[in-house]
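Report on the structure
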Number of protein chains: 4
Amino acid sequence: MSQFNRNSRGVYLIAVTPFKENGALDLESTDSMVDFYLDCGVTGLTILGIMGEATKLTAEESKTFVARVLKRVNDRVPVVVGASAPGFAPMKELTTSVMDMGAAGVMVAPPSTLRTDDQITAYFDMVNETLGPDVPWCLQDHPVSTGVQMSTAVILKILKNSPNCVMLKHEDSPGLNKLSGIIASIAKKEIERVSILTGNGGGLFLTEEMIRGADGAMTGFAYPEMMVSVCELFAKGDIEKACDVYDAYLPLAKYEQQANIGLAVRKHILAERGVIASAAVRKPGPKLSPADIKDIERLTIRQTKRLKEIE
Amino acid sequence: MSQFNRNSRGVYLIAVTPFKENGALDLESTDSMVDFYLDCGVTGLTILGIMGEATKLTAEESKTFVARVLKRVNDRVPVVVGASAPGFAPMKELTTSVMDMGAAGVMVAPPSTLRTDDQITAYFDMVNETLGPDVPWCLQDHPVSTGVQMSTAVILKILKNSPNCVMLKHEDSPGLNKLSGIIASIAKKEIERVSILTGNGGGLFLTEEMIRGADGAMTGFAYPEMMVSVCELFAKGDIEKACDVYDAYLPLAKYEQQANIGLAVRKHILAERGVIASAAVRKPGPKLSPADIKDIERLTIRQTKRLKEIE
Amino acid sequence: MSQFNRNSRGVYLIAVTPFKENGALDLESTDSMVDFYLDCGVTGLTILGIMGEATKLTAEESKTFVARVLKRVNDRVPVVVGASAPGFAPMKELTTSVMDMGAAGVMVAPPSTLRTDDQITAYFDMVNETLGPDVPWCLQDHPVSTGVQMSTAVILKILKNSPNCVMLKHEDSPGLNKLSGIIASIAKKEIERVSILTGNGGGLFLTEEMIRGADGAMTGFAYPEMMVSVCELFAKGDIEKACDVYDAYLPLAKYEQQANIGLAVRKHILAERGVIASAAVRKPGPKLSPADIKDIERLTIRQTKRLKEIE
Amino acid sequence: MSQFNRNSRGVYLIAVTPFKENGALDLESTDSMVDFYLDCGVTGLTILGIMGEATKLTAEESKTFVARVLKRVNDRVPVVVGASAPGFAPMKELTTSVMDMGAAGVMVAPPSTLRTDDQITAYFDMVNETLGPDVPWCLQDHPVSTGVQMSTAVILKILKNSPNCVMLKHEDSPGLNKLSGIIASIAKKEIERVSILTGNGGGLFLTEEMIRGADGAMTGFAYPEMMVSVCELFAKGDIEKACDVYDAYLPLAKYEQQANIGLAVRKHILAERGVIASAAVRKPGPKLSPADIKDIERLTIRQTKRLKEIE
């Protein structure tokens, strides 16, 4: 199986958490979703992130869901679990629990209270202490959701200080030059190589980021085959073709990236594709209007047509 | 015992969560702290609030702590438990669990994502649905920590829509005119009476708020006897004496209200007073410098002297 | 000439403010830019907005620039001037001054301090009082830059209270259902018709917004011919062709919409197209890296190719 | 006359801007206000700050007000003018204009968009470039209003890079340890001495800050004689007496520090004291309720009584 480590590449799919219409966890859909993602060719899964509605689950539900995903994945790809928490005791508890179940590692974003460079690096020193020497982890840089702006220098310092941080999820926007800066530091051996996956706007800058040297994507667009295909074409060096594929999906990807309703769009498409049984989002959460659904239909028809043209 | 209901008055003390020097929950200090607060004459306790480091506890620790407090209180005063949560499933779970253990009710603040009036009232409709018909609750209006500004009209609407919301914790600043507006609505019978306790800046506007008609305080200043005394003097109509007492404590109360280090100041004083064994705050959290401790010493000496003068 | 009124349609181009390499106002480029925008077929111009670096100009420079634009436009299209200001005295002064020079009206966004519905509607009552009965104005709803979230109900109330607010610049995201709601209110005659132009992400949702019933766009993408063409095709009812044109420009439009560096991208393209002499942005402002410029080149080549394909 | 330089001490009073009931600038009250402040013994004046409603004045009004203040002061104390601006062209223009009129220097706070350490220090490098070699200036560190958190390290770096930054207005809260850190750096000659005046909460931590080694206060409490007296007593080494004086004013000072309505409280007191003709605050601005005014009366009576007791 592919490993979650400094050399990871490809697509770590940000999974949704499927619910039934009545709001209960949908474990059957969890299975079918895992199968779908793996059939698409993803190289890893990330669960219990923001788009996984992690904060809307009880501690018990979280564990049930993680266990079900891990069982179904059955070691075919590494599974990373979101472990961001306002306190270190809950972070430690969740981490220990999911690692025991077989997770490959965890992902941590900074809490929204951090501002200065010193505050941020001090926080991640405590993360290192909390996670300990045996848990590989991914640093999530997502200012839009956290409000925390980490400069290139701060990220390099965190990476230097963190022997077990093996991956950076790059989601700053605009972040292309930050991405280039970090990759340049790795090239100059100023820091040890880490895997850099990008998640900017659900993949809205994927081709630009791959050109800058990213190792792949960690995002949850409802057409994972697009990200897989783009990554493979980049691996082959066929950038123009990669851009053709990407551009065909861009109008729908853009639609899925709308703040707030994005998750409802994603789940709607996944339900339409038969991946999950229901598009239900737990409260408080967005709901699509009939006009939204018509938009998605129209965009999907155009997408299918355009994909045929470029085949 | 006094009840947690629409007629509650006096001081609902916001309890700290005592830790040992090594960061573990300190259950012995939990007992001594409960005893101390009750000896001070508080009419209720509020636990697992922001100043109770609730987010730094594991789910297990939270339950252990709540159980210990409830056992020690032994029905002498009502205990309210903070139940704010980003999702309703965890809110429901925690609420059910603490009500089963004997809590008198819960307290809920809005999540920081809410902005418009409609979003806020819709959120509390969901809170009502989540908590159900059997759980009395307190609405916490604390814009400084939540970022959510609820107008007088919005608060009145929430109170109207919420048959089990029996208490408002008023912590908006400036909020004196909002407080007056809500009390006027109750007087005009536009809404049913609710208990209004104030927590502005750890009690920094307590006398002004009592003059406007507040029913008491819900805050955690390390000298609860001040709040108890002020409330009693107001009940007797001796406002000048109440202000004398209050002013004597004001310099230290102000010092305890500093953003960030406030909790460390509070725990330091409680430890100095022998209420809890250690002033330890869990990471990430503030630490006092030697100069801070000197400040507290100096302010305490002056406070003692001033209290003697006004006796 | 087309009028700035409740029936305005088409493209109100958000103009940049051209500077020389040394940072001085470039009045010659101001002329060529006006010519370019008008040759593209825009139906109006908006100047001194956020993307016009208004806050970086002295009062004197603002007036010089407005005068130059108005002279060059020479009444061919209406010119709207950004007049948002933290105080009403400066708002009144700028408005009086630009209306005297021949502007068609002004645009006002709420200051970032507003939160509750009441605060927002009270603010716009003061705007009405400040602008007086003779100045048509456009309400700008742009939460990403202002931090102010105005619900559909609040916008409808502002529109009702504001006899001279003839246009709404819709820039909320996600905002499609808000847009639909306001248009439905107009259809039901709940409020008088206003012109609704959209500016979401520099036009990133233009086709979706036109489908919902928007009257056109108010944005500044460096290829105004795209917006003009999309609006014309919608007017003709050729939605599929409109989407083809739009999708061809989407990858570059998306690139231009990156937070912070977006304005530098826009000015770079305009300079490359010969519209303005220099891409200079005043400090504090973004600068493109060589890799950014390569991205733009690559995207431009692909855009040209794709446009040929769909001709 | 006292100079605005690295050795400045005492009280730089933050002046209000007096308006007539109809909202016009009140130049007669400007004169009487200047006389009052100077009679109180202040060592400097700061005008056009946040509490001076600077953003509500037109450029013309700002100049008229500055000229009037400077004429009345007539070189008896240095006058510092707030020059924070979103762009450098307006900052330069205002600075040149007020220095030509006889101002002693300007004060600059960072714009609210800055987040990382690098962004902040880069910004102040541009401030240095803008102000040039002939304008002494004061760095304002006020996170509550700017949202910008500058660590001790960042402030030290700005001070090092800025040969003409002669004063720090310390308004971070909690900031006592930051204050101690900067003063320690000066003591260790790591940076050149700068004058450090404090403005925390309108002087709410003045005695604590003086104990830590601050050089005085820059704030606008409506009883400047308190700050002058506290500074003089500290100069004499009579700390206990300084604290007695300070504590006597604390209840009213606290009341004046309420967010939003604070300025209305301050102007009300100044009008009651006969310093300015009207308490008018320009829109958008707070208004006192009758209950607020009663609070102020009550607190003033208690303050007078307490002051007599400690005489």
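Parameters at a glance
- Residues numbered from 1 in each chain as written.
- Chains lettered and ligands numbered in written order.
- Predicted model: local features only at pLDDT ≥ 70, side-chain atom pairs only at ≥ 80, totals over all residues.
- Heavy atoms only, no water.
- UniProt positions renumbered as here; feature names shortened; annotations may be inferred.
- Helix = DSSP H or I, 4+ residues; strand = E, 2+ residues; numbered from the N terminus.
- Rg over C-alpha atoms; globule rule 2.2 N^0.38 Å.
- Contact = heavy atoms within 4.5 Å.
- Areas by Shrake-Rupley, 256 points an atom, 1.4 Å probe, with all protein chains shown as cover.
- Lys, Arg positive; Asp, Glu negative; His and termini not counted.
- Charge placed at Lys NZ, Arg CZ, Asp CG, Glu CD.
- Pairing = 2+ DSSP bridges.
- Axes fitted to C-alpha atoms, helices over the stretch in contact; angles between N-to-C directions.
- Buried < 20%, exposed > 50% of the residue type's maximum accessible area, 1.4 Å probe, protein only.
- Expected span 1.5 Å × (residues − 1).
- Core = buried A, V, L, I, M, F, W, Y, C linked by side-chain atoms within 4.5 Å.
- Buried area = accessible area lost by both parts, 1.4 Å probe.
- Salt bridge = Lys/Arg side-chain N within 4 Å of Asp/Glu carboxyl O.
- Polar contact = N/O pair within 3.5 Å; in protein donor to acceptor, adjacent residues only side chain to side chain.
- Nonpolar A, V, L, I, M, F, W, Y, C, P; charged D, E, K, R; others polar.
- Right-handed = clockwise from strand over helix to strand, strands pointing away.
- Least-squares fit on C-alpha atoms with pLDDT ≥ 70 in both.
- 1 Å grid on protein atoms, 1.4 Å probe; cavity = no way out; pocket = protein on both sides within 12 Å on 5 of 7 lines; lining within 4 Å.
- Points joined across faces, edges and corners; volume = space filled by probe spheres on them.
- Parallel < 35°, antiparallel > 145°, perpendicular 65-115°, else oblique.
- Phe/Tyr/Trp six-rings, centres within 6.5 Å; stacked < 30°, edge-to-face > 60°.
- Lys NZ or Arg CZ within 6 Å of the ring centre and 35° of its normal.

Where an unreviewed UniProt entry is consulted, chain A appears under the name Dihydrodipicolinate synthase family protein, with the organism given as Polynucleobacter cosmopolitanus. For chain A, the Sequence similarities (unreviewed entry) comment in UniProt is given as "Belongs to the DapA family."

Moving on, we get to the overall build of chain A. Across its full length, chain A holds twelve helices and eight strands. For 311 residues, the compact-globule estimate of 2.2 N^0.38 gives 19 Å, and chain A sits close to it at 19 Å. Across its three principal directions, the C-alpha atoms of chain A cover 50 × 45 × 35 Å. Within chain A, residue pairs in contact and separated by at least 24 positions form 73% of the contacts whose partners lie at least 6 positions apart. For chain A, the accessible surface area stands at approximately 11,200 Å², while carbon and sulfur atoms represent 52% of it. Each charge class in chain A was averaged separately, 34 positive and 38 negative side chains, and the resulting centres sit 2 Å apart.

Moving on, we come to the sheet that holds strand E1 (residues 10-14) of chain C. All names here are of chain C. In spatial order, the strands read E1-E2-E3-E4-E5-E6-E7-E8; together these eight strands close into a barrel with parallel pairing. Between one strand and the next, the sheet's axes are offset by a mean angle of 25°, whatever the strand orientation. In the sheet, strand E3 (residues 79-82) pairs with strand E4 (residues 105-108) via three bridges, with the strands oriented parallel. Looking at E4, one finds that Gly82 is bridged to Met107. Strands in contact with helix H2 (residues 59-73) are strand E2 (44-47) and E3; relative to E2, the strand with the most contacts, it is inclined by about 170°.

Right, let's get into the pairing of strand E8 (residues 216-219) of chain D. Walk down a regular strand and you will see the side chains alternate between the two sheet faces. All names here are of chain D. Because side chains alternate across E8, one face comprises the buried residues Gly216 and Met218, and the other comprises Ala217 and Thr219, equally buried. With four bridges connecting them, strand E1 (residues 10-14) and E8 associate as parallel partners. When the bridges of E8 are listed, Gly10 appears paired with Gly216. Of the strand pairs in this sheet, strand E7 (residues 195-198) and E8 are connected by two bridges, and their pairing is parallel.

Turning our eyes to something else, we now look at helix H9 (residues 224-236) of chain A. All names here are of chain A. Between its first and last C-alpha atoms H9 spans 19 Å; for 13 residues at 1.5 Å apiece the expected length is 18 Å, and the two agree. If you check which residues of H9 are buried, you get Pro224, Met226, Met227, Val228, Val230, Cys231, Leu233 and Phe234. For H9, the secondary structure elements touched by its buried residues are strand E1 (10-14), helix H1 (27-40), helix H8 (206-212), strand E8 (216-219) and helix H10 (239-256). Immediately downstream of H9, the backbone of Gly237 shows phi near 85°, a positive value.

The biggest cluster of nonpolar side chains holds 201 residues, and the ones touching the most others in it are Leu45(A), Tyr37(C) and Leu45(C). When neighbours within four sequence positions are excluded, Tyr37(C) is seen to be in contact with Leu13(C), Ile14(C), Ala15(C), Val16(C), Val42(C), Leu45(C), Pro224(C) and Leu270(C). Formed by 199 residues, the second largest nonpolar core is a distinct cluster that contains Val230(B), Leu233(B), Phe234(D) and Ile296(D).

What follows deals with the interface of chain D and chain C. Facing 18 residues of chain D, the contacting portion of chain C comprises 18 residues. The junction of chain D with chain C conceals about 1,400 Å² of combined surface from both sides, 68% of it contributed by carbon and sulfur atoms. Counting across the interface, chain D meets chain C through two salt bridges. Of the charged contacts in the structure, one is a salt bridge between Lys283(D) and Glu129(C), with a shortest N-O distance of 3.4 Å. For the pair chain D and chain C, the interface holds four residue pairs in polar contact (both at pLDDT 80 or more). Listing elements by their share of the side of chain D that touches chain C, those giving two or more residues are helix H2 (59-73), helix H3 (88-101) and helix H4 (117-131) of chain D. It is H3(D) that provides the largest number of residues to the side of chain D that touches chain C, a total of four residues. Across the side of chain D that touches chain C, the residue classes break down as nine nonpolar, three polar and six charged.

Attention now goes to the pairing of strand E7 (residues 195-198) of chain B. Residues and elements named next belong to chain B. Neither face of E7 is left uncovered, since the one carrying Ser195 and Leu197 and the one carrying Ile196 and Thr198 both have all their residues buried. Where strand E6 (residues 165-170) lies against E7, four bridges are found, and the strand directions are parallel. What sits directly across from His170, in E7, is Thr198. Handedness of the crossover is the feature at issue here: the chain leaves E7, passes through helix H8 (residues 206-212), returns alongside strand E8 (residues 216-219), and the resulting connection is right-handed.

Our next topic: the relation of the copies chain C and chain A. Rotating chain C by 180° and moving it 0.0 Å along the rotation axis overlays it on chain A with an RMSD of 0.0 Å. With respect to symmetry, the two chain copies, as superposed, fit the operation of a two-fold axis. A high fraction, 100%, of the interface residues of chain C reappear at the interface in chain A, so the copies pair face to face through one surface.

Superposing chain D onto chain C requires a rotation of 180° together with a translation of 0.0 Å along the rotation axis, leaving an RMSD of 0.0 Å. A high fraction, 100%, of the interface residues of chain D reappear at the interface in chain C, so the copies pair face to face through one surface.

Turning to the interface of chain C and chain A, a few remarks are in order. Facing the 31 residues of chain C at the interface are 31 residues of chain A. For the pair chain C and chain A, the summed buried surface comes to about 2,800 Å²; carbon and sulfur atoms form 48% of the total. Broken down residue by residue, the surface that chain C buries against chain A is led by Pro174(C), Lys254(C) and Arg302(C), which jointly contribute 23%. Applying the counting criterion to the chain C and chain A interface returns 16 salt bridges. Seen at the junction of chain C and chain A, the total is 24 residue pairs in polar contact (both at pLDDT 80 or more). Among the elements of the structure, helix H7 (176-187), helix H8 (206-212), helix H10 (239-256) and helix H12 (290-310) of chain C are those that each provide at least two residues to the side of chain C that touches chain A. The element best represented in the side of chain C that touches chain A is H10(C), accounting for nine residues. Of the residues that constitute the side of chain C that touches chain A, the class distribution is 14 nonpolar, five polar and twelve charged.

We now examine empty space enclosed by the protein. With a probe scaled to a water molecule rolled over the atoms, the places where space remains empty come into view. According to the stated counting rule, one finds four cavities of 30 Å³ or more in the structure shown. The computed volume of the largest cavity comes to approximately 50 Å³. Taken together, Pro251(A), Lys254(A), Arg298(A), Leu299(A), Arg302(A), Thr207(C), Glu208(C), Cys243(C), Tyr246(C) and Asp247(C) make up the lining of the largest cavity. Elements that contribute at least two residues to the lining of the largest cavity include exactly H10 and helix H12 (290-310) of chain A together with H8 and H10 of chain C. Considering only residue class, the lining of the largest cavity consists of four nonpolar, one polar and five charged.

On to the UniProt feature "binding site: pyruvate" (unreviewed entry) in chain A. Per the UniProt record, "binding site: pyruvate" (unreviewed entry) is annotated on Met218(A). Residues within four places of Met218(A) in sequence aside, it is in contact with Tyr12(A), Ile14(A), Thr46(A), Met107(A), Cys138(A), Met167(A), Lys169(A), Leu197(A), Thr198(A) and Gly199(A).

All names here are of chain A. Their axes nearest at 8 Å, the elements H10 and H12 cross at an angle of 170°. Relative to H12, H10 is oriented roughly antiparallel. Across the interface between the two elements, Lys241, Asp244, Val245, Ala248, Tyr249, Pro251, Leu252 and Tyr255 of H10 pack against Asp292, Asp295, Ile296, Leu299, Thr300, Gln303, Arg306, Leu307 and Ile310 of H12. When grouped by side-chain class, the residues that make up the contact of H10 with H12 number ten nonpolar, two polar and five charged.

On to the packing of aromatic side chains, then. According to the stated counting rule, one finds 32 aromatic pairs over all chains in the structure shown. Note on Tyr123(C) and Phe124(C): the rings are 5.4 Å apart at their centroids and 90° apart in plane angle, and the pair reads as edge-to-face. Each member of the pair, Tyr123(C) as well as Phe124(C), is classed as buried. Ring plane angle 50° and centroid distance 6.2 Å describe the contact between Phe4(D) and Tyr12(D), whose orientation is recorded as tilted. No difference in accessibility class separates Phe4(D) from Tyr12(D), as the two residues are buried. Three or more aromatic residues joined by ring pairs make a cluster, and in this case those are Phe88(A), Tyr123(A), Phe124(A) and Trp137(A). Sitting over the ring of Phe205(D), Lys254(B) keeps its end group 4.7 Å from the ring centre.

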